[in-house]
Amino acid sequence: MTERIGVYVCHCGTNIAGVVDVAEVSRWAGEHLAGQGVVVSRDYKFMCSSLGQELIQKDIKELGLTRVVVAACSPHLHEKTFRNACASADLNPYLCELVSIREQDSWVHTDKSAATDKAKAIISGGVARVAHHEALEPLRVPIHPATLIVGGGIAGIQAALEIADAGYRVYLVEREPSIGGHMAQFDKTFPTLDCSACILTPKMVDAGNHPNITLLTWSEVVKVDGYVGNFAVTINKKARYVNEELCTGCGICWEKCPWKVTDEVFEAGLGKRKVIYVPFPQAVPKYPVIDAENCAYFLKGTCKACEKFCPTDAIDFTQKDEQITVEVGNIILATGYDLFDVRRIPQYGYGRLPNVYTSLEFERLSNAAGPTGGNIVLRDGKTVPKTVGIVHCVGSRDQNYNPYCSVICCMQSLKFAHLVHERTGAEVYNFYIDMRTPFKDYEEFYQRLLAEGTHFVRGKVAEITDFARTPEEEGRMIIQVEDTLIGKQRRIPVDMVILSAGLEPRQDAKEVGKLFGLACGTAGWFIERHPKLDPVATMTEGIFIAGCAQGPKDIPASVAQGAGAAARVLGKIQQKEISLEPVRASINEQQCSGCRICNGLCPFNAILFHEDRMVSEVNPALCQGCGTCVAACPAGAISGTGFSNEQILSQIEGLLLVNVNGKTTEAVPA
Amino acid sequence: MTDQFEPTIIGFTCNWCSYRAADMAGTARMKYSPNVRLIRLMCSGRLDPTFVFKAFAGGADAVLITGCHPGDCHYVEQNYKALRRYLLLKRVLAQMGIEPQRIKLLWASAAEGAIFAAEINKYVEEVRALGPLHWGKSGNGSKPIVPDEAKESRTEVPA
Amino acid sequence: MTANGNKPKFAMYWAASCGGCEIAVLNIHEKILDVDANFDVVFWPVAMDAKYKDVEAMEDGSILLTLFNGGIRNEENEHLAKLLRRKTKILVAFGSCACEGCIPGLANLCPVGEIVQTAFNTISTDNPHGIYPRTSYDVPEGELHIPKLAPILRPLDQVVDVDYYMPGCPPESHQIAAVVDLVIKVVRGEAELPPKGCVIGVGDSTVCDECPRARNVKSITEFKRIQDVAPVDPTLCLLEQGIPCNGPATRSGCNARCPNVGAQCIGCYGPAEGVLDYGARLISAFASVIDAKEPEEIERILDGIPDPVGQVYRFNLAGSLLKANMDAWRVKAG
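This structure is a prediction, so every number in the text was calculated from the model and none was measured.

Chemist: Help me understand the overall build of chain B in this model?
Modeler: When helices and strands are tallied, chain B shows five helices and four strands. Its helices and strands taken in sequence order, chain B reads β-α-β-α-β-α-β-α-α from the N to the C terminus. Burial analysis of chain B (159 residues in total) assigns 65% to the buried set. Long-range contacts, defined as pairs at least 24 residues apart, comprise 80% of the intrachain contacts of chain B with a sequence gap of at least 6.

Quick look at the structure:
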């Protein structure tokens, strides 16, 4: 045995010493583990104190220790502390092993003798393991100063502006023809009732004009290569059929285009748009796109009205999709949400009963720039409703659909109630489960609605039907609900129903997650690194999330997250390089047979296959160190630093050295 | 200590979920049986069946494998690889005459300290009921590890 | 064979095995003449007459090279293993049985009594008087002995110290020839022996390294027996066709003999360098590339491997970490 190992048993005051006989453990380790290379074993009141650390450092220097085992608390707490202590005594920090005899022993057991035996076993495992530790260096990688932001809603725009204003390049990718996201569709914003467009448009224009922002609308990310600091992202720019260099955005083309189709995206199916179009007047960028699926030229080869009338010859029917690759150091995903499809709750009648609206439809209906010019009327286009029912929690807080709260629906429904009341004078009923108005000025808004005379019925709507039971119900829709405050079933006839649909993860969130190496939680939202303390970072280094992609939230929270993610990215850019934990897999090329078992196992695409040499290779910068390929390699050709087979197998032997009854079995073979 | 059988169980934990659950059980001073010794891996996907065989061959009475809940893997989906290996491993162990209850897969998130502690207690009782495995003593695989009766005596074939 | 006291001595022994290894040695063709020219063959029961007592009479360490094939199943095997170890400088575990147990090692799945029962008392056995072997029997000439069976079969290195391992069922003749050449060179002082404990006569990777079949990223939705796959694509990786091929985990050196002729590798060359448990490698590799997340679906796919131990430990059970079935372990001396 060439290693000289020091064992340090911490009392942690009485936290450990109150249950584990630390002096006995220390004595035992020095005596029984001498064969494994233990040359000194000590116990001390607080190993993490500066005096405790000095004890270790002194032994490293004076006794020439080559390995250190500290038996104290969880490595998640003090691993760094003891590594640093070793480093400052010129011992490679990765030659130190911290084993937990507090969280895993003294705090969870009451039988003192069993806890003492277990501490011996844990230390024996640590000693056996540490002998196989290797001196490692953290991986340092440079950070490319540009940033990719996916999603041009309010969260993405905010993040883009923050980073661009700090002087760094941003590529803002948006799938639709214009940035703006859902917020651009809204009429008013709660609780202040500012006009959504009035506050959003200036930010959109700023983003569009910013010298540091490259806007890539009508585009989608198709491939992500590389790793933190050095991503190469391939973006597909879909053909617009409009030359952006020549187009001035004058609008003559969409004025002259003779073809109209229903606008399912921006107008939520309520209005129509031309085949060459910008989704809304304030769109950024100002260039239109041709909807090739509906364009007469693409369908029949005739028309070309837009081309004829374009004063700058910007129409280009020969344009093709174009793939560009950008290099960035960090990525922010602000991909937003989809609206819950209310058709999934057939008893609410959407699609069957014409005057049942989704919340997004109502946003367009009440929007002055919308299809009705802001007149709140029924589908016939003229009748003003006299009674309106607004149903909260549609698809949310429901075990049959989404168990989570969609956060914005209560406030949105209150906003709708106010708008209906204000514009039509109609009687408004809000059906809610619980009224959730937790943020600044929200509760006050609720009080305002109460004062306006809106009826609030606490109960989950059972059914919306046109089957009348009384003459009064005839020709109207009836909302069947249990009013839980008075304990009665009620049937409330209304002319219009608005379903406050919940928010859902994007349909393609999983695939997008896979593209960027992110996981989705059970509900489908992207998982943050820590739900409280690190909400915009993810488990994948260099990839951040903001806005509703992370979970349902309102505009202020989305803006805050956009700015927060930007701050995190700026911090990384400022550091210029980062250190990564050197827990990585590597492949012994000679032993690798090129069987390709491992190739598909890495979610981070860190394993490449060299067709020419027929061997696989791990890119250490992409590797996250999970060790799945190490365990899977049939040839045993992959090894993993920090958690090598030798380390783990020795730890198993060490742990089994002392059985629970405390009898020392045979010594671990050296 | 009474005379009842105290099983030795080796537990493999994931750095991001079950190891943190164990930490959490500790921080919250939840009590559980001292029979399980934990090994920290970065991910349940690191679990090599060799480790399980090694534990049994080295004297463990049972092996507990823990990882993030399906869909919650820190490394996207490596826990599914652990699940698949576990299911095949179970079949192999059954053929080797090891009761299927001697290996258990448990999903435990970092927040589930209480579940982690309760499951350990339950499992220790299950293994206690099975009795000791006594597979033999620890070895490195290349040296003879034969139980005493196999080493020292010969079976006389039935007459 | 000529006897010459100046030539280094050579021995070969056949313990619990089929005899294929002996044939493989003869199959090195005219190279066998080199063996004869360079060695004094002192003990090789299958090729020449020799008595155990002659070996016992030799000076310890007087045999330069012994190729020991077969596992240790009975007391005679064990006696010869220990004897030859004592008499030999370079003891080679020759062939899969000696290295890791091979097919005879699969008997470690049953208690020894059951094996005897099966051999002497099943409907396929013609044994009308129910006669079983006895380890000793009195005849007019005296007492006769046959060797007692051990509870489990052990590879050679679980009984004695082994210098080199040469796997294969049997080892490929070109590999044997190469090893013979090497030893001759060593004897002449023209080469050095590899470090003790090495696996010799093998490649440094696994069978896929020598397999010409095209391979891709693997994603398996069904495991099938090769006879149930029709037609087998002659150019594509067998594992990708759902055929559990052990090639990825099996030491190279055979020139991918089986996959080359359309059969899956069954693993006779044993584990790759540094691998502690061969079966564990295959369990992990096969399971990892199953394309399913639901336990029921995974189980359905695993049903395609009806005999997992037979699949992943066909040659390696006795040399694995667990070595034998629990019931075989628990056999008491009878």
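From this point on, the discussion continues.
Chemist: Looking at this structure, I do not really get the overall build of chain A. What am I missing?
Modeler: Helices and strands together make up the secondary structure of chain A, namely 17 helices and 34 strands. Within chain A, buried positions represent 53% of all 670 residues. In chain A, once contacts between residues fewer than 6 apart in sequence are set aside, the share between residues at least 24 apart is 69%.

Chemist: Would you explain unusual backbone geometry in this entry?
Modeler: Most peptide bonds take the trans configuration, and most residues that are not glycine carry a negative phi. Here the residue pair Val284 of chain A and Pro285 of chain A is connected by a cis peptide bond, since its omega of 0° sits within 30 degrees of zero. Note that Pro285 of chain A resides in the loop between β15 (276-277) and β16 (289-290). The peptide bond linking Ala230 of chain C to Pro231 of chain C adopts the cis configuration, its omega dihedral lying at -10°. Structurally, the position occupied by Pro231 of chain C is in the loop between α8 (173-187) and α9 (257-260). You will see that Asp441 of chain A, though not glycine, has its phi angle at about 70°, which is positive.

Chemist: Would you mind going over the interface of chain A and chain C with me for this structure?
Modeler: By a widespread convention, an interface's size corresponds to the accessible area lost as its parts come together. At the interface, 16 residues of chain A touch 23 residues of chain C. In terms of residue class, the side of chain A that touches chain C is built from eight nonpolar, seven polar and one charged.

Chemist: Explain the nonpolar core here, please?
Modeler: Nonpolar side chains in soluble globular proteins generally cluster together in the buried interior. Residues Val70, Ala71, Ala160, Leu172, Val497 and Leu499 of chain A together with Phe68 of chain C are the most contacted members of the largest nonpolar core, which totals 370 residues. If you tally residues by element for this core, the top one is helix α5 (residues 112-130) of chain A, at nine residues.

Chemist: Help me out: how do you make sense of helix α2 (residues 49-57) of chain B in this one?
Modeler: Residue pairs spaced three or four apart in an α-helix point in one direction, given the helix's 3.6 residues per turn. With respect to burial, α2 of chain B is a largely interior element, nine of its nine residues being buried. Those residues of α2 of chain B that sit buried are Pro49, Thr50, Phe51, Val52, Phe53, Lys54, Ala55, Phe56 and Ala57 of chain B. The secondary structure elements touched by the buried residues of α2 of chain B are α17 (645-655) of chain A, β1 (9-14), β3 (62-67), α3 (78-95) and β4 (103-107) of chain B together with α10 (278-288) of chain C. Just downstream of α2 of chain B, Gly59 of chain B is the residue with a positive phi angle, here 115°.

Chemist: What's the story with the interface of chain B and chain A in this structure? I'm lost.
Modeler: The partner chain A presents 48 residues to the 45 residues of chain B that form the contact. At six residues, helix α1 (residues 18-27) of chain B tops the list of elements feeding residues into the side of chain B that touches chain A. Residues of the side of chain B that touches chain A, tallied by class, amount to 20 nonpolar, 12 polar and 13 charged.

Chemist: Would you explain the pairing of strand β23 (residues 455-458) of chain A in this entry?
Modeler: Direction of pairing for strand β22 (residues 427-432) of chain A relative to β23 of chain A: parallel, over a ladder of four bridges. Residue Phe431 of chain A lies in a different strand from β23 of chain A, and its bridge partner there is Val457 of chain A.

Chemist: Any chance you could explain the sheet that holds strand β2 (residues 36-41) of chain B here in plain terms?
Modeler: Strand pairing in a sheet takes place through backbone hydrogen bonds and is either antiparallel or parallel in direction. Judged by pairing direction, the sheet is parallel, and its four strands sit side by side in the order β2-β1-β3-β4 (chain B) without closing on themselves. In the strand order of this sheet, the two ends are held by β2 and β4 of chain B, each with one partner. Strand-to-strand, the axes of this sheet are offset by a mean angle of 20°, without reference to chain direction. Bridge count between β1 of chain B and β2 of chain B: six bridges; the pairing is parallel. Among the inter-strand pairings, Phe12 of chain B is bridged to a residue of β2 of chain B, identified as Ile39 of chain B. Of the strands in this sheet, β1 and β2 of chain B touch α17 of chain A, which is tilted by about 165° from β2 of chain B. Its contacts with the sheet put α1 of chain B on β1, β2 and β3 of chain B, and the angle it makes with β1 of chain B is roughly 110°.

Chemist: Would you mind going over the packing of helix α2 (residues 31-38) of chain C against α8 of chain C with me for this structure?
Modeler: Between two packed helices, what matters for the description is the angle formed by their axes and the separation of those axes. Residues and elements named next belong to chain C. Orientation of α2 relative to α8, taken along the N-to-C sense of each, is 25°, at an axis distance of 10 Å. When the interaxial angle is binned, α2 and α8 end up roughly parallel. The interaxial crossing formed by α2 with α8 has left-handed handedness. Contact with α2, carried on its side by Lys31, Asp34, Val35 and Asn38, involves Ala177, Val180, Ile184 and Val187 of α8 and no other residues of that element. The class makeup of the residues in the contact of α2 with α8 is five nonpolar, one polar and two charged.

Chemist: In this structure, what is going on with the domain arrangement of chain A? I would like to understand it.
Modeler: With domains assigned, chain A is organised as domain 1 (5-136 + 647-655), domain 2 (147-334 + 508-575), domain 3 (337-504) and domain 4 (583-641). Computed from C-alpha atoms alone, the centre-to-centre distance between domain 3 of chain A and domain 4 of chain A is 55 Å.

Chemist: I would appreciate a short explanation of the confidence of the model for chain A in the present structure.
Modeler: Close inspection of predicted coordinates is inappropriate in any region flagged by low pLDDT. The share of residues in chain A with pLDDT of 70 or more is 98%, and the mean pLDDT across the chain is 94. Predicted confidence is poor over residues 666-670 of chain A, with pLDDT under 50, and the contacts of this stretch with residues over four places away or in other chains come to 10 contacts.

Chemist: Please clarify how the environment of Asn38 of chain C should be interpreted in this entry.
Modeler: Residue and element names in this part refer to chain C. Within the element layout of this structure, Asn38 appears in helix α2. Between the C-alpha atom of Asn38 and that of Ala150, which follows or precedes it by 112 residues, the distance is 37 Å. Once residues within four sequence positions are removed from consideration, Asn38 is found in contact with Lys7, Ile184 and Val187.

Chemist: Whenever I open this one, the environment of Phe544 of chain A confuses me. Can you help?
Modeler: All names here are of chain A. Inspection of the secondary structure assignment puts Phe544 in strand β29 (residues 543-545). Owing to 31 C-beta atoms within 10 Å, Phe544 belongs among the buried residues under this scheme. When residues no more than four places from it in sequence are discounted, the contact partners of Phe544 are Asn330, Ile332, Val536, Ala537, Thr538, Ala565, Arg568 and Val569.

Chemist: Where do I start with α5 of chain A in this structure?
Modeler: In this model α5 of chain A runs 27 Å from its N-terminal to its C-terminal C-alpha over 19 residues, within 8% of the 27 Å that 1.5 Å per residue would give. Taking burial as the measure, the 19 residues of α5 of chain A include 17 buried ones, the bulk of the element.

Chemist: Is there a simple way to explain the sheet that holds β29 of chain A in this structure?
Modeler: Residue and element names in this part refer to chain A. Read from one edge of the open sheet, five strands run β10-β7-β6-β18-β29, paired in parallel fashion. Edge strands, defined here as strands with exactly one partner in the open sheet, are β10 (213-216) and β29. Sheet twist, expressed as the average angle between the axes of neighbouring strands with direction ignored, equals 20°. Taken strand by strand, helix α6 (residues 154-165) contacts β6 (147-150), β7 (170-173), β10 and β18 (330-333), and its axis lies near 165° from that of β7.

Chemist: For this particular structure, what's the right way to read the confidence of the model for chain B?
Modeler: Residue and element names in this part refer to chain B. Confidence along chain B averages 84 in pLDDT terms, with 84% of residues attaining 70 or more. For the stretch residues 137-159, pLDDT sits under 50, and the model shows 59 contacts to residues farther than four places along the chain or on other chains. Note on the complex model: pTM 0.76, ipTM 0.94.

Chemist: I keep staring at the packing of helix α2 (residues 50-63) of chain A against helix α3 (residues 75-88) of chain A and nothing clicks. Help me out?
Modeler: Residue and element names in this part refer to chain A. Where α2 contacts α3, the two axes come as close as 9 Å, and the packing angle between them is 40°. In terms of orientation, α2 and α3 fall into the oblique class. Of the two possible hands of crossing, α2 and α3 adopt the one that is right-handed. Residues Gln53, Ile56, Gln57 and Ile60 of α2 touch α3, and the partners they reach there are Ala85, Cys86 and Ser88. Taken together, the residues of the contact of α2 with α3 sort by class into four nonpolar, three polar and no charged.

Chemist: Sorry, what's going on with the environment of Tyr164 of chain C here?
Modeler: Residues and elements named next belong to chain C. Assignment of secondary structure puts Tyr164 in strand β9 (residues 164-166). Classification of Tyr164 by C-beta neighbours within 10 Å gives buried; the count is 23. The spatial distance from the C-alpha of Tyr164 to the C-alpha of Leu149 is 26 Å, given a sequence separation of 15 residues. Ignoring any residue separated from it by four or fewer positions in sequence, one finds Tyr164 in contact with Ile90, Val92, Cys198 and Ile200.

Definitions and cut-offs
- Residues numbered from 1 in each chain as written.
- Chains lettered and ligands numbered in written order.
- Predicted model: local features only at pLDDT ≥ 70, side-chain atom pairs only at ≥ 80, totals over all residues.
- Helix = DSSP H or I, 4+ residues; strand = E, 2+ residues; numbered from the N terminus.
- Buried ≥ 20, exposed ≤ 12 C-beta atoms within 10 Å, placed from the backbone.
- Contact = placed C-beta atoms within 7 Å.
- Nonpolar A, V, L, I, M, F, W, Y, C, P; charged D, E, K, R; others polar.
- Core = buried A, V, L, I, M, F, W, Y, C linked by C-beta atoms within 7 Å.
- Pairing = 2+ DSSP bridges.
- Axes fitted to C-alpha atoms, helices over the stretch in contact; angles between N-to-C directions.
- Parallel < 35°, antiparallel > 145°, perpendicular 65-115°, else oblique.
- Left-handed = near helix turned anticlockwise from the far one by under 90°.
- Domains from an automatic or database assignment.
- pLDDT = per-residue confidence, 0-100.
- Expected span 1.5 Å × (residues − 1).

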